[in-house]
Amino acid sequence: MKRWIQEPLVHFVLLAILIFGAHQVVTSGRSSSERTIVITQAEMERLASLYAVESGSLPTEQDMRAIIVDQVQQEALAREATRLGMAEDDTVVQRRLAQKMTFMLSDLGQIDPPSDDVLQDWLTEHADRFAQPLRLSFDHIYFSSDNDPRMESLLTELSEDPNMNWRNTGDPFMLQRRYADLPDREIVRLFGGQFLEGLQALSPSEDETWQGPVRSALGTHLVRITERADARMPPLDEVRAAVLQDWTEAEQRRRTAEEINTIVNRYDVVIEGVTKN
Amino acid sequence: MKMTRSVSIVALVVAMTACSSQDPVTEDVAAVDTAPQGASTTAEYAVTRNAYFGDLHIHTRNSFDAYIFNVRRTADDAYRFAKGETVQHPSGFDMNIAGGPLDFYAVTDHAEYLGILPAMNTPGTELSELPRSKDMFSTDPAKITAAFQGVGASVRSGEKIDDMYDQPLINSVWLENIDAAERHNEPGVFTTFAAYEYTSVTTNSEDGTFGGGNLHRNVFFKDAAPARAFSTLDSTNPEDLWDWMDAQRAEGYEAIAVPHNPNVSDGQMFKLETYDGAPLTADYADQRMRNEPLVEVTQVKGTSETHPDLSPNDEWADFEIYTRLLGSYDVSATNGSYVREAYGLGLKLEEDEGFNPFKFGLVAASDSHVVGGAYAEDDYWSKVGIVDGLPVNRGSVPFDREKSWEEQPVTQQTQNATEWFSRWSASGLTGVWAEENTRESIFDAFRRKETFATTGPRMKVRFFASFEFDEDLTSDPDLAGKAYAQGVTMGSDLIGDGRAPSFLVWALQDPNAAPLQRAQVVKVTSSDEQVFDVACHTGSPDPETHRCPDNGAEVDLTTCAPTGEGAAELKTIWSDPGFDPSERATYYVRVLENPTCRWSTWEALAAGTPPRPDVPQTLQERAYTSPIWYTPGN
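Conventions adopted
- Residues numbered from 1 in each chain as written.
- Chains lettered and ligands numbered in written order.
- Predicted model: local features only at pLDDT ≥ 70, side-chain atom pairs only at ≥ 80, totals over all residues.
- Helix = DSSP H or I, 4+ residues; strand = E, 2+ residues; numbered from the N terminus.
- Buried ≥ 20, exposed ≤ 12 C-beta atoms within 10 Å, placed from the backbone.
- Contact = placed C-beta atoms within 7 Å.
- Rg over C-alpha atoms; globule rule 2.2 N^0.38 Å.
- Pairing = 2+ DSSP bridges.
- Core = buried A, V, L, I, M, F, W, Y, C linked by C-beta atoms within 7 Å.
- Axes fitted to C-alpha atoms, helices over the stretch in contact; angles between N-to-C directions.
- Domains from an automatic or database assignment.
- Expected span 1.5 Å × (residues − 1).
- pLDDT = per-residue confidence, 0-100.
- Parallel < 35°, antiparallel > 145°, perpendicular 65-115°, else oblique.
- Left-handed = near helix turned anticlockwise from the far one by under 90°.
- Nonpolar A, V, L, I, M, F, W, Y, C, P; charged D, E, K, R; others polar.

## Considering the overall build of chain A
- When you go through chain A residue by residue, the secondary structure sums to 12 helices and 4 strands.
- Burial analysis of chain A (277 residues in total) assigns 18% to the buried set.
- For chain A, contacts bridging at least 24 residues in sequence account for 70% of all contacts bridging at least 6.

## Points about the overall build of chain B
- When helices and strands are tallied, chain B shows 14 helices and 29 strands.
- For chain B, the C-alpha radius of gyration of 24 Å lies close to 26 Å, the compact-globule estimate for 634 residues.
- Principal-axis analysis of the C-alpha atoms gives chain B an extent of 70 × 65 × 60 Å.
- Sorting the 634 residues of chain B into buried and exposed places 53% on the buried side.
- The contacts of chain B with a sequence gap of at least 6 include a subset with a gap of at least 24, amounting to 72%.

## Side note on the pairing of strand β16 (residues 460–466) of chain B
All names here are of chain B.
- Within β16, 7 of the 7 residues are buried, which leaves the element mostly enclosed by the surrounding structure.
- Burial of the side chains of β16 extends over both faces: Lys460, Arg462, Phe464 and Ser466 are buried on one face and Val461, Phe463 and Ala465 on the other.
- Relative to strand β19 (residues 502–508), β16 runs antiparallel, the two sharing 7 bridges. Bridge pairing links lysine 460 to leucine 508 in β19.
- Of the pairings in the sheet, the one linking β16 to strand β17 (residues 488–489) comprises 2 bridges and is antiparallel in character. For alanine 465, the partnering residue across the bridge sits in β17 and is valine 488.

## Here we look at the nonpolar core
Residues and elements named next belong to chain B.
- Ile116 and Val505 are the most contacted members of the largest nonpolar core, which has 176 residues in total.
- When residues of this core are assigned to their parent elements, the largest contribution, 7 residues, is made by helix α7 (residues 167–184).
- Not counting chain neighbours up to four residues away, the residues in contact with isoleucine 116 comprise Phe64, Leu127, Met164, Asp166, Leu169 and Ile170.
- Counting residues in hydrophobic clusters, the runner-up holds 5 residues, among them Val300, Trp420, Phe421 and Trp424.

## Observations regarding the sheet that holds strand β2 (residues 178–183) of chain A
Residue and element names in this part refer to chain A.
- The 4 strands lie next to each other as β2-β1-β4-β3, forming an open sheet whose pairing is antiparallel. Whereas interior strands pair on both sides, the edge strands pair on one side only; in this sheet they are β2 and β3 (210–215). Across this sheet, the average inter-strand angle for adjacent strands is 40 degrees, counted without regard to direction.
- Relative to β3, helix α9 (residues 150–160) is tilted by about 155 degrees, and along the sheet it contacts β1 (135–143), β3 and β4 (220–229).
- Strand contacts of helix α10 (residues 184–191): β1 and β2, with the helix running at about 125 degrees to β2, the strand carrying the most contacts.

## Structural notes on the domain arrangement of chain A
- Taken domain by domain, chain A consists of domain 1 (2–89), domain 2 (90–125 + 235–256) and domain 3 (132–229).
- With centres defined by C-alpha atoms, the gap from domain 2 of chain A to domain 3 of chain A works out at 45 Å.

## Digging into the domain arrangement of chain B
All names here are of chain B.
- Under the domain assignment, chain B is made up of domain 1 (2–15 + 52–388 + 424–444) and domain 2 (459–631).
- Between the C-alpha centres of domain 1 and domain 2 the distance comes to 28 Å.
- Facing 23 residues of domain 1, the contacting portion of domain 2 comprises 24 residues.
- Mapped by element, the contributors of at least two residues to the side of domain 1 that touches domain 2 are α10 (339–353) and β13 (361–364).

## With respect to α7 of chain B
- In this model α7 of chain B runs 26 Å from its N-terminal to its C-terminal C-alpha over 18 residues, within 8% of the 26 Å that 1.5 Å per residue would give.
- Among all positions of α7 of chain B, only Leu169, Ile170, Val173, Trp174, Glu176, Asn177, Ile178, Ala180, Ala181 and His184 of chain B are buried.

## Quick notes on the confidence of the model for chain B
- Chain-level statistics for chain B give a pLDDT mean of 91 and a share of 93% at 70 or above.
- Between residues 1–33 of chain B, whose pLDDT stays under 50, and residues either more than four places distant or in other chains, the model counts 41 contacts.

## Some details on the confidence of the model for chain A
- Considering every residue of chain A, the mean pLDDT works out to 81; 82% of them sit at 70 or more.
- Scored below 50 in pLDDT, residues 23–32 of chain A shows 6 contacts in the model against residues more than four places distant or in partner chains.

## A word on unusual backbone geometry
- Residue proline 213 of chain A is bonded to the preceding glycine 212 of chain A through a cis peptide linkage, with omega at 5 degrees.
- Positionally, proline 213 of chain A belongs in strand β3.
- Following serine 427 of chain B, the chain continues into glycine 428 of chain B via a peptide bond in cis, with omega recorded as 0 degrees.
- Tracing the sequence through the fold places glycine 428 of chain B in the loop between α11 (412–419) and β14 (429–434).

## Focus on the environment of arginine 423 of chain B
- In this fold, arginine 423 of chain B is placed in the loop between α11 and β14.
- Contact partners of arginine 423 of chain B, with chain neighbours within four places excluded, come to Gly302, Tyr322 and Val615 of chain B.

## Description of the sheet that holds strand β10 (residues 255–259) of chain B
Residue and element names in this part refer to chain B.
- Overall, antiparallel pairing links the 3 strands, which are arranged β6-β9-β10 in an open sheet. Two strands bound the open sheet, and with one partner strand each, they are β6 (195–198) and β10. Averaged over all pairs of adjacent strands, the angle between their axes in this sheet comes to 25 degrees, without regard to strand direction.
- Where β6 lies against strand β9 (residues 217–221), 4 bridges are found, and the strand directions are antiparallel. Bridging from a neighbouring strand, tyrosine 196 pairs with valine 219 of β9.

## Quick look at the packing of helix α3 (residues 75–82) of chain B against α7 of chain B
Residue and element names in this part refer to chain B.
- As a packed pair, α3 and α7 sit with axes 9 Å apart at the nearest point and diverge in direction by 30 degrees. The pairing of α3 with α7 is recorded here as roughly parallel in orientation. When you trace α3 past α7, the crossing you get is right-handed. Residues Ala75, Asp76 and Tyr79 of α3 lie in contact with α7, whose contacting residues are Asn177, Ala180 and His184.

## Observations regarding the packing of helix α3 (residues 41–55) of chain A against helix α4 (residues 61–83) of chain A
All names here are of chain A.
- At a minimum axis separation of 11 Å, α3 and α4 run at an interaxial angle of 115 degrees. Considering the relative orientation of α3 and α4, their crossing is right-handed. Judged by residue contacts, Met44, Leu47, Ala48 and Tyr51 of α3 engage Asp63, Met64, Ile67, Ile68 and Gln71 from α4.
- Its residues assigned to classes, the contact of α3 with α4 shows 7 nonpolar, 1 polar and 1 charged.

## A word on the environment of isoleucine 628 of chain B
Residue and element names in this part refer to chain B.
- Along the chain, isoleucine 628 falls in strand β29 (residues 628–631).
- The class for isoleucine 628 is buried, based on 26 C-beta atoms found within 10 Å.
- Remark: the alpha-carbon pair of isoleucine 628 and serine 475, spanning 153 residues in sequence, is separated by 23 Å.
- Not counting residues within four places of it along the chain, the set of residues in contact with isoleucine 628 comprises Phe463, Ala465, Val488, Met490, Ser492, Leu494 and Tyr587.

Below, the structure written as structure tokens:
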């Protein structure tokens, strides 16, 4: 159904009917008077499309006439109701109007993609949204006390015999002894912030060897880092689509808020019982 | 119909863009050496199982009550919140998840009139033309309340409001919720379930009017879900829900239901007769356990473990007790409303009649109606949107910017705060022990009842029983592996062979919350209950009183800073000093943190007012495991 509405031929036929119909019902001419009801061509086109979508066929000349008569009546009655102040006490009408206004404001023209400089600034300012976190793969041996005397000798043994069965050492750990590709916030969730800091303080040149002790909220650990991907800020080219999307949404919100503010500022607002300060 | 379709398209687009900004999942990480050969598994797969945390009870704008509370956020927003994104509360402030992203999450909108209220408030829909729609969205509080109560009454009575009951629309919104769950489900990273809430409430036996006792259940599908959800508008009898679930299971839609808030069920959740008052039978017990293997033991509307009147010898029983019936200041009946009592009643039934309808495990959730759960005492936003969104609404600070509690006006708002909101809780989360973070693995854990419930923090608890455990097992580097191999874990039966069992109790603090004070075993028999401290931060339990020495942990109420030390880990092998091999017994573990400030105290502190005097100023966060049931052998 949607597809044929986009056909140019359909547009042409519609337009022809519209012009013909319009000519018969209203005389053209602009007036600023409140007593003039103008049905524009764009409006007629909208009404015809609406009819077509709802009925599944194009309006005939007769249909079009009826539609326009209806529209004129509706417009006249609505104006009369407005003139009598009816909309003012009707919450539903007021809310609809405000909603419509907001939709209009948030649809104010297209937002063109900004320059790379703007996007680069956006990326820098909102680094946290686009940054790729530190990820670590590691093995650890857990000691529930902070100064277990076994730790030092175990470190020596582990350095002398890389093939020793490290899983059989230390205290039992409730979770896992080997973790793969954990992002920093997962490390914090499982072991606490202190442990992440401890891991970050280890020198990458010592990766693949047992190091420590490293303290956590849960106890003390000997650690062997097996793989690391450092936190990095991706260059704009790598995340351009996401940055553009984020910027556009924010820009849209900003423009809408600005428009609403401008409108609200045209009014003096008095809220009873609240004093300005 | 047209409206909802376009909404779902928008949601889809938003969801896709949200996903694209995240890090890709790396699939080819070094496989953990415990994964079974040939099985398709995620990187974290572990036969000794990982602890995963989630919230199984979340409402969005599609719940009829949430929409009235001004909630406009969707299921997509809910899942985004759980994954760590900031989402706005209807009162205008930002909500961020406490303790980092969750592992699993389920949106459980009320099935009754699902998505109908948003349509009633959308121009151009037929529903928006209804007179009741105009009342519902007017500015006249009396009209809004009357219209809203009309819907509530229909949900409770099961009598449809014909002009509002648009089954095709309800079905399409249900499908949207299923789609949202599907979009956000990412094996190995984040698990969701197709789920909804079945909203049954008790009626008064004399005149059939609204009783206000909560018989709600959340229904979860393991994977695929049927195109229509069974609601109280089909039947208000939960046993009919079980029939429907049995039928769905036969069609390949595996599901469980989780009752919540037995504490305000007015004694009906665990009553010793059927919904219609008939005697319980073995078939009833089978069907109930097949469909309801778990119960939500703690959430925003209080804790259902036990009540001080039921457990006078449990010094920790008076914890976040909430007793007001739904939408009422009336107090719920105590008997039949708490899980510990139900465990005893179940054993009694088993001894007398040979069946046990109350052999359930424990989970927890927030029941947040604002898409995001408030789990932390120091960052709380309660649950009913703009109704209790600010401290003054929920009575944690004095009304009208007063600095004292002495002369509080008696208004609807302050009374609601006194009777309801000030007594609600920053709780809770479900923990499961599962091999990996996938629907299948986590749902299987639900079925096994290998679950524990916390009041918000993510402490982890393991619990095993065996006749074979050695005394020095607790220092074995492969403790978890040996415990699984030699014993049974939470949610299981231990069948007697004449010997006395021993229990492994093992708790690890939430590294980002308070340390632990003590671990306890709660023993329930058909005639008695007893609480044993089994592992202490300081010293060991007194063999006569079964209590830990005081560890001296306190809270400085002028700053909410904790004082004193606690344990990162508690671990022990315990045996029951009163064990009788011929007596059935239910054992579960309760772990207590050191004391911390309650949310109401934090909010008063931030506002510079004294804390509300009629609620506790501190609390001890806790975890409860599913039980192990000891059954004598032949």
